[in-house]
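# An overview of the molecular structure
One-letter residues, chain by chain:
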Amino acid sequence: MKKKIFIYSVAFATGLFFTSACNNKLDVDPTQSIDETAALSTSKDVEVTLIGCYDALQDVDVYGGAFQYSSELLGNNDEIAFGGTFQNLLEISAKQLTTVNLAAELTWRDSYVTINRCNNVLSALSIVDEDKRARIEGEARFIRGSVYFDLVRLYAKTWGDGDNATNPGVPLVLEPTRVVTEENKLARNSVAEVYAQVLEDLNAAKSLLPETNTIYANKYAASAQLSRVYLQQGNFALARDEANTVIGSGDYTLNSTFESLFYTFINNGGANPREYIFSMIVTSQDGTNDLNTYFGTTVDDIPGTGGRGDIRILAKHRALYEAGDKRGAFFLTPNSNTYTQKHLDNLGNVLQFRLAEMYLTRAEANFRLGTVVGATPLADINRIRVRAGLKAATAVTLPSILKERHLELAFEGLALHDAKRNKQNVGTIPYNSPRLIFPIPQREIDVNKKLVQNEGYN
């Protein structure tokens, strides 16, 4: 069972994590705060705490699935159906959330737990061994910036919907929360302020991180995230350039077949394909893939598959594929319902960024700007089409590029945000409807009167 904590009391839970994980002091008297010097006193302590940041990031309510399936359910244009019984997900699917929605509450809470762990790491950089300091700071900033980006996209108006400088975003907590006081209960920063912090963190991460970093974030993961941020802002030149940086690195290659991108545990023993830029690693000992939980189902003739089978693929989506498109065949109907094969692997890694997205971003940005940085939009789109078993296109338009993006990256957590940045309705719901924004959890408002609720939830 998860701890019942709020963002302003995470110091206690995080402090206990530091004490037990770093110093193995199990006899801890109950307290509301912990002295930093007792929790983080050596470089090794900070390194272990950084691992705790990743552990929090891969939580099922953060990057272990919640941000992704929330985007898919809220952004669904009658292409998927939720057939489960969880009230919190039924509300998201129906775009009728309440202020006590459990998914909204847990994603907010666990995101701020992640942020607070990053803040603890960043506050203790002076004790980190000099040869490790840049990398550790870069990883913590990458995680913090990434979480703030997804928080502001889910809990606030999208960039450009009104005045970014006055639209309420989410609270920016940039120092460790160690003692719970009225002073550290913060109001919501503006959308513009949150994006500024996201860009500051991610650009710093890009400059600090190494090019390779085993399973952890490297500078190209930061560039991939930056490309998403800039694309969301409509800053196509910088979105293009960051995507081009990843492509030009030569560290990642498109898989030869679309089908080989998935089943990372069943087929690859947990290893990522060369196309993956960053993912949440799942093993039989650690980590949970909540995309598998809801999109997945057990298929008797494929060992290692599983899931609740709650999210089913509808005929409207499947009808979007051209004849011969291997992506359109990447579905199974083991019973009366159809499922994507992207999330059937019970121990599959939770994908965050892959190279195909970078090609699609570069193609879109180049097309919008009339530029040819790295390659022509047509060449980039044809890389994706030919890999999918289709004939190369002879020309592209913005709608055709966006369609390729939609089909290639379907069910990977981008549906809502792509609809919003392109000002596309979700069914009959306008892109800027309050129904497409999560509420600020009522529990948070109850303990912090400085928080204002989102429109439509008062």
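The model shown is predicted, which means the values in this text are computed figures rather than measured ones.

## Digging into the pairing of strand E6 (residues 350–354)
By the criterion of burial, E6 is predominantly enclosed, with 5 of the 5 residues buried. Relative to E6, strand E2 (residues 276–280) runs antiparallel, the two being bridged by 4 bridges. Pairing of tyrosine 276 across the sheet is with arginine 354, part of E6.

## Here we look at the nonpolar core
One broad trend across soluble globular proteins is that nonpolar side chains are buried collectively. Counting residues in hydrophobic clusters, the biggest one holds 107 residues, and the most contacted among them are Phe142, Tyr148, Leu151, Tyr155 and Phe278. Take this core: its biggest share by element is 11 residues, from helix H7 (residues 130–155). Phe258, Tyr276, Val299 and Tyr339 belong to the second-largest nonpolar core, a separate cluster that totals 10 residues.

## Looking at the packing of helix H9 (residues 219–233) against helix H13 (residues 355–369)
Closest axis-to-axis distance for the H9/H13 pair is 11 Å, and the angle between their directions is 35 degrees. Taken as a pair, H9 and H13 cross one another with a handedness that is left-handed. Residues Ala224, Ser227, Arg228 and Leu231 of H9 form the contact with H13, whose own contacting residues are Glu357, Met358, Thr361 and Glu364.

## Here we look at the pattern of salt bridges
Counted under the stated rule, the structure contains 33 salt bridges. A salt bridge links glutamate 137 to arginine 141; the nearest nitrogen and oxygen atoms lie 3.1 Å apart. Of this pair, glutamate 137 and arginine 141 both sit in helix H7, 4 residues apart, roughly one helical turn. Summarising the burial analysis for this pair, glutamate 137 and arginine 141 share the class buried. Here glutamate 455 and lysine 157 are joined by a salt bridge, their closest N and O atoms 3.9 Å apart.

## Describing unusual backbone geometry
Excluding glycine, a negative phi dihedral is what most residues carry, and trans is how most peptide bonds are arranged. The phi angle at aspartate 78 is positive, at roughly 60 degrees, despite the residue not being glycine. Tracing the backbone through its elements, the reader meets aspartate 78 in the loop between helix H4 (66–74) and strand E1 (80–82). Positive phi values are uncommon outside glycine, yet phenylalanine 411 reaches one of about 70 degrees. Turning to its location among the elements, phenylalanine 411 is positioned in the loop between helix H15 (398–408) and helix H16 (415–421). By relative accessible area, which is 4% here, phenylalanine 411 ends up buried.

## Topic: the environment of alanine 124
The residue alanine 124 is located in the loop between helix H6 (102–123) and H7 in this model. Its relative accessible area of 3% is what places alanine 124 among the buried residues. Sequence separation between alanine 124 and threonine 42 is 82 residues, and the spatial gap between their C-alpha atoms is 9.1 Å.

## Some points on H13
Helix length check: H13, at 15 residues, gives a terminal C-alpha distance of 21 Å against a target of 21 Å (1.5 Å per residue), a fit within 8%. Those residues of H13 that sit buried are Leu355, Ala356, Glu357, Met358, Tyr359, Leu360, Thr361, Arg362, Ala363, Glu364, Ala365 and Asn366. Immediately beyond the C-terminal end of H13, within one or two residues, lies glycine 370, with a positive phi of roughly 70 degrees.

## As for the packing of aromatic side chains
Note on aromatic pairs: each is described by the distance of the centres and the angle between the planes. Scanning the entire structure with this criterion turns up 20 aromatic pairs. Note on phenylalanine 149 and tyrosine 195: the rings are 6.0 Å apart at their centroids and 80 degrees apart in plane angle, and the pair reads as edge-to-face. Here phenylalanine 149, found in helix H7, pairs with tyrosine 195, found in helix H8 (residues 191–208); they are 46 residues apart in sequence, far enough to count as distant. Judged on exposure class, the residue phenylalanine 149 and its partner tyrosine 195 are both buried.

## Considerations on the side chain of arginine 240
With respect to the secondary-structure elements, arginine 240 resides in helix H10 (residues 236–249). Apart from the residues within four sequence positions on either side, arginine 240 is in contact with Arg362, Ala365, Asn366, Leu369, Thr371 and Val373.

## Remarks on the environment of aspartate 251
Counting through the fold element by element, aspartate 251 comes out in the loop between H10 and E2. With near-sequence residues (within four places) excluded, aspartate 251 lies in contact with Glu211, Thr212, Tyr220 and Arg274.

Conventions and cut-offs
- Residues numbered from 1 in each chain as written.
- Predicted model: local features only at pLDDT ≥ 70, side-chain atom pairs only at ≥ 80, totals over all residues.
- Heavy atoms only, no water.
- Buried < 20%, exposed > 50% of the residue type's maximum accessible area, 1.4 Å probe, protein only.
- Helix = DSSP H or I, 4+ residues; strand = E, 2+ residues; numbered from the N terminus.
- Pairing = 2+ DSSP bridges.
- Core = buried A, V, L, I, M, F, W, Y, C linked by side-chain atoms within 4.5 Å.
- Axes fitted to C-alpha atoms, helices over the stretch in contact; angles between N-to-C directions.
- Left-handed = near helix turned anticlockwise from the far one by under 90°.
- Contact = heavy atoms within 4.5 Å.
- Salt bridge = Lys/Arg side-chain N within 4 Å of Asp/Glu carboxyl O.
- Expected span 1.5 Å × (residues − 1).
- Phe/Tyr/Trp six-rings, centres within 6.5 Å; stacked < 30°, edge-to-face > 60°.

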